[in-house]
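Below, each chain spelled out in residue letters.
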Amino acid sequence: MKHFGALLMKDVRLMVSGKFFLMSLGFLILYTLYVNFGYIRFMDVGMYQVYMYDPEGTQKEASSLVHRVPSEKELEAALLEDDNGVGINASNGKLQVLYSEESKKAGCHKADYAISLLRQSEKYNARIMGIQTPEQKARRDITCELLFFEMIAVGFLGIAAVIFKEKNMGVIRVCAILPVKRNWFLLSKITVFLLSDLVFAILLTLFNVGLSDTAGILPGVLLQTAFLSIIMALSGVICALLLKDFRQFTLAYLLITIFAATPVFMSANTPIKLEWIRFHPFYHIYMGLKNAYFEMSGNSPLYYLGCLIAVGGLFAVTLYIFRREMGKER
Amino acid sequence: MKSLLYQLKSVLRDKFCLMTFLLPIVMAAVLNFADSVDFTSVGDFQFGILEDNVASHTITWLERYGRVIVYGTQEELVDAINEPSTNLIGVEKEGNGIGTMLSGDELDIFRQTANTLPILYDQRKSVAQREVLVLEQPNVMEGFQDMLIVATLIVAMFMGCTFNAMNMISEKEDGVAYVNEILPMSRSRYILQKLIVGFAGGCLSSIITACVCFRYSLQEFAFMLILIVLSSFVAALTGLFIGKVSAGMMTGVAYIKIIMLLFIAVPVLDFLVEFQHPFVATLLYLVPSQAAFEGIMNLLAGSPELSVKDILILFAHCIIWFFLYLSISRQKKKKV
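Everything numeric in this text was worked out from a predicted model, so none of it was measured.

Peer 1: Any chance you could explain the overall build of chain B here in plain terms?
Peer 2: When helices and strands are counted, chain B shows 14 helices and 5 strands. Burial analysis of chain B (336 residues in total) assigns 49% to the buried set.

Peer 1: Where do I start with the interface of chain B and chain A in this structure?
Peer 2: Facing 62 residues of chain B, the contacting portion of chain A comprises 61 residues. Here chain B and chain A share an interface that buries about 5800 Å² over both sides, 63% of which is from carbon and sulfur atoms. Applying the counting criterion to the chain B and chain A interface returns 2 salt bridges. Taken together, the links from chain B to chain A amount to 5 residue pairs in polar contact (both at pLDDT 80 or more). Element by element, the count of residues in the side of chain B that touches chain A is highest for helix 5 (residues 108–122) of chain B, at 11 residues. Tallied by class, residues from the side of chain B that touches chain A come to 29 nonpolar, 19 polar and 14 charged. Both strand 5 (residues 127–128) of chain A and strand 4 (residues 97–102) of chain B contribute to a ladder of 2 bridges, which runs parallel. Paired with Arg 127 of chain A across the two strands is Met 101 of chain B, which belongs to strand 4 of chain B.

Peer 1: Explain the sheet that holds strand 5 of chain A to me, please; I cannot follow it from the model alone.
Peer 2: Each strand in a sheet pairs with its neighbour through backbone hydrogen bonds, running either in the same direction (parallel) or in the opposite one (antiparallel). Judged by pairing direction, the sheet is mixed, and its 5 strands sit side by side in the order 5(A)-4(B)-3(B)-1(B)-2(B) without closing on themselves. Either end of the sheet is taken by a strand with one partner, and the two such strands are strand 5 of chain A together with strand 2 (66–71) of chain B. Note: strand 1 (residues 45–50) of chain B against strand 3 (residues 89–94) of chain B, 3 bridges, orientation parallel. Across the sheet, Ile 49 of chain B pairs through a bridge with Val 91 of chain B, a residue of strand 3 of chain B. Contacting strand 1, strand 3 and strand 4 of chain B, helix 5 of chain B runs over the sheet at an angle of about 175 degrees to strand 4 of chain B.

Peer 1: Before we go on, may I ask you to explain the packing of helix 8 (residues 211–242) of chain A against helix 10 (residues 281–293) of chain A in this structure?
Peer 2: The description of two helices packed together rests on the angle between their axes and the distance between the axes. Residue and element names in this part refer to chain A. Closest axis-to-axis distance for the helix 8/helix 10 pair is 8 Å, and the angle between their directions is 160 degrees. By the criterion of interaxial angle, the relationship of helix 8 to helix 10 is roughly antiparallel. Both helix 8 and helix 10 take part in a crossing whose hand is left-handed. Contacts from Ile 217, Gly 220, Val 221, Gln 224, Thr 225, Leu 228, Ile 231 and Met 232 in helix 8 reach Phe 282, Ile 285, Gly 288, Leu 289, Ala 292 and Tyr 293 in helix 10. When its residues are assigned to classes, the contact of helix 8 with helix 10 shows 10 nonpolar, 4 polar and no charged.

Peer 1: Would you mind showing me how to read the sheet that holds strand 4 (residues 96–99) of chain A here?
Peer 2: Strand order across the open sheet formed by 5 strands is 2(A)-1(A)-3(A)-4(A)-5(B), with mixed pairing between neighbours. Each of the sheet's edge strands pairs with one partner strand only, and the pair in question is strand 2 (66–68) of chain A together with strand 5 (131–134) of chain B. The average angle at which neighbouring strand axes cross in this sheet is 25 degrees, direction not considered. The sheet strands contacting helix 4 (residues 104–116) of chain A are strand 1 (50–53), strand 3 (86–89) and strand 4 of chain A together with strand 5 of chain B, and the helix crosses strand 4 of chain A at an angle near 135 degrees.

Peer 1: Mind showing me how you'd approach the side chain of Thr 318 of chain A here?
Peer 2: Residue and element names in this part refer to chain A. You can see Thr 318 is positioned in helix 11 (residues 301–327). For Thr 318, a relative accessible area of 0% gives the class buried. Of the polar contacts made by the side chain of Thr 318, one reaches the backbone oxygen of Leu 314; its length is 2.5 Å. The contacts of Thr 318, once residues within four sequence positions are left out, are Leu 186, Leu 234, Val 237 and Ile 238.

Peer 1: Would you take a moment to explain helix 10 (residues 218–245) of chain B for this structure?
Peer 2: Counting along an α-helix, one turn takes 3.6 residues, and residues three or four places apart therefore face a common direction. Taking 1.5 Å per residue as the helical rise, helix 10 of chain B with its 28 residues ought to reach 40 Å, and the 41 Å between its terminal C-alpha atoms agrees with that figure. When you tally the buried positions in helix 10 of chain B, you get 20 out of 28 residues, the bulk of the element.

Peer 1: Is there a simple way to think about the environment of Ser 121 of chain A in this case?
Peer 2: Positionally, Ser 121 of chain A belongs in the loop between helix 4 and strand 5. Spatially, the C-alpha atoms of Ser 121 of chain A and Glu 61 of chain A are 9.6 Å apart, while their sequence positions differ by 60 residues. Filtering out sequence-adjacent residues up to four positions away, Ser 121 of chain A remains in contact with Ile 119 and Gln 123 of chain B.

Peer 1: Where do I start with the nonpolar core in this structure?
Peer 2: The nonpolar side chains of soluble globular proteins are, as a tendency, buried together. If you look at the biggest cluster of nonpolar residues, it comprises 94 residues, and the most contacted ones within it are Leu 147, Phe 148, Phe 246, Phe 249, Phe 282 and Tyr 293 of chain A. No other element matches the 18 residues that helix 5 (residues 134–169) of chain A contributes to this core. What Leu 147 of chain A contacts, discounting residues up to four positions off in sequence, is Phe 200, Ala 201, Leu 204, Val 221, Thr 225, Leu 289 and Tyr 293 of chain A. Residues Ile 149, Leu 195, Tyr 285 and Phe 293 of chain B belong to the second largest nonpolar core, which totals 40 residues.

Peer 1: Help me out: how do you make sense of the packing of aromatic side chains in this one?
Peer 2: Aromatic ring pairs are reported here in terms of the distance separating the ring centres and the angle at which the planes meet. Residue and element names in this part refer to chain A. Tallied over the entire structure, the rule returns 14 aromatic pairs over all chains. Ring geometry for Phe 227 and Tyr 304: centres 6.2 Å apart, planes at 40 degrees, overall tilted. Highlighted residues: Phe 227 in helix 8 and Tyr 304 in helix 11, separated in sequence by 77 residues. A relative accessible area of 11% means that Phe 227 is categorised as buried. A cation sits over an aromatic face here: Lys 110 above Tyr 48, 5.8 Å from the ring centre.

What counts, and at which threshold
- Residues numbered from 1 in each chain as written.
- Chains lettered and ligands numbered in written order.
- Predicted model: local features only at pLDDT ≥ 70, side-chain atom pairs only at ≥ 80, totals over all residues.
- Heavy atoms only, no water.
- Helix = DSSP H or I, 4+ residues; strand = E, 2+ residues; numbered from the N terminus.
- Buried < 20%, exposed > 50% of the residue type's maximum accessible area, 1.4 Å probe, protein only.
- Contact = heavy atoms within 4.5 Å.
- Buried area = accessible area lost by both parts, 1.4 Å probe.
- Salt bridge = Lys/Arg side-chain N within 4 Å of Asp/Glu carboxyl O.
- Polar contact = N/O pair within 3.5 Å; in protein donor to acceptor, adjacent residues only side chain to side chain.
- Nonpolar A, V, L, I, M, F, W, Y, C, P; charged D, E, K, R; others polar.
- Pairing = 2+ DSSP bridges.
- Axes fitted to C-alpha atoms, helices over the stretch in contact; angles between N-to-C directions.
- Parallel < 35°, antiparallel > 145°, perpendicular 65-115°, else oblique.
- Left-handed = near helix turned anticlockwise from the far one by under 90°.
- Expected span 1.5 Å × (residues − 1).
- Core = buried A, V, L, I, M, F, W, Y, C linked by side-chain atoms within 4.5 Å.
- Phe/Tyr/Trp six-rings, centres within 6.5 Å; stacked < 30°, edge-to-face > 60°.
- Lys NZ or Arg CZ within 6 Å of the ring centre and 35° of its normal.

Dropping the structure here:
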């Protein structure tokens, strides 16, 4: 056990000297600033504004939501400025609705909505089925995305960088003749990365979702984070051991971050549903994380089984490659 | 000339470099393909109803505004409404009219739509008496696509930077940099040679990317070419700076990432937020890619005369950075 402690300390020191923790801290600050000062403020999409030109004053009942403009020119100018707005031209005794359309159906709704504002009507409020406010949802959404991205992109890069450094320095081969169990070498690395990811997840969630909401979701989030962290760390080790140098790795890394993460984000966050996405392993992990953030019970036992198998399989592969790398020395 | 050939030879052997030059071209082709996919229905509303709860003429009415999805049980419907990735509005029968259900965490536009839908339903006959004029306006989605294509183009131009930085760092790591110090070659010639490979690669990659994405007239093509050449030059220079500053491959990659993020984020952010303040707008031009982005966007909008300003700014960037680099490397040499 003493040996394991020494290995752990060595890895921590290596990461400190590689400015790994500093980088994580930097990203944590960057993400927190982005969520609190950028995302939350810019993400809301309001209802279309309605502008009306009504020189004869025929529309007396019109709701206060309708902005009256004094001339036809200004109506055009308003619509040019606000391309999501709707215009009503009530001059010459007829009602003309003007809008630019992204799709037929959305356009139809725009026109009907604008006309309906011309009459007095009772106020109606839709029945609320959920428990979150839009801001709470947005915070959870973006925190989940950032955590996933951070672990896929940054964590993966970190462990690979450490392994490459040790590989180049010959530490791996030195380990072959040290009186320590070989699995420990891998275990200590994964432990360090797991712990740092967990701390990162806790801080990120705390700062961006808020203290009161974090308590309920934290256990689930940490479990999913642990799965993802271990899987990414093991894949990082495999890539680092298989590829020749760091440059080749950057390319593999680019491919993984772009082509693995993009469809997952698209499918999980937009109404675009891709048919083949269920064959994408990261999609399930992402959904697992998202379910944890939204306290939904979507994670089946089959998913956990899959995660365990993935972790076990990756560990076996890593061990095999690692032993081969050590064996080169003998 | 001979030494340039050596440089090119080492590039061809390096698969990483070749791939980085090819990547933006592949991205451009994918974007071009995505052009043919119809995304317009993505923004449409989605309504969820219970089986046998809503009359068929109501469904037809709802379908004028969006997609209607039928659910078997109340739980399924509520789950679908609460599902965080969609903005589904639940619709049910309520007396003679309809009622709506929301999860409460939707964007404002969906909340307002749900709140006004029953009123629209009650007025559905009178609302139909209207004349509609659909305005000709540039499609919002198309604007985004242009932005993505231009961002890809900037990535392509940036490849020269990646290549130069990597090249210099690996020379540093292999010790070739020390050998270069004592070679009988002038400082400026060395810089030019280092510049040219990344510059030529960046140019080539962006020209092919531009050809994949855009169709334009001869005059526009000339403007585009000038923009590409100038920005590739700046990018290649940036690569030299990164190569000079970074000690190892790791820090080099970190610097490249930060610079790349800055180069892409600044113009894209400006495009999305539209900073009006003149001071901020001028400040943004300190990042060379902003000028390139604005120039290409102006070209796409069909006003090449506007991009002359951007070309001049880029040109200034080229000269300032080049002489800055030259003076820095001279100073360093004196120290040696």
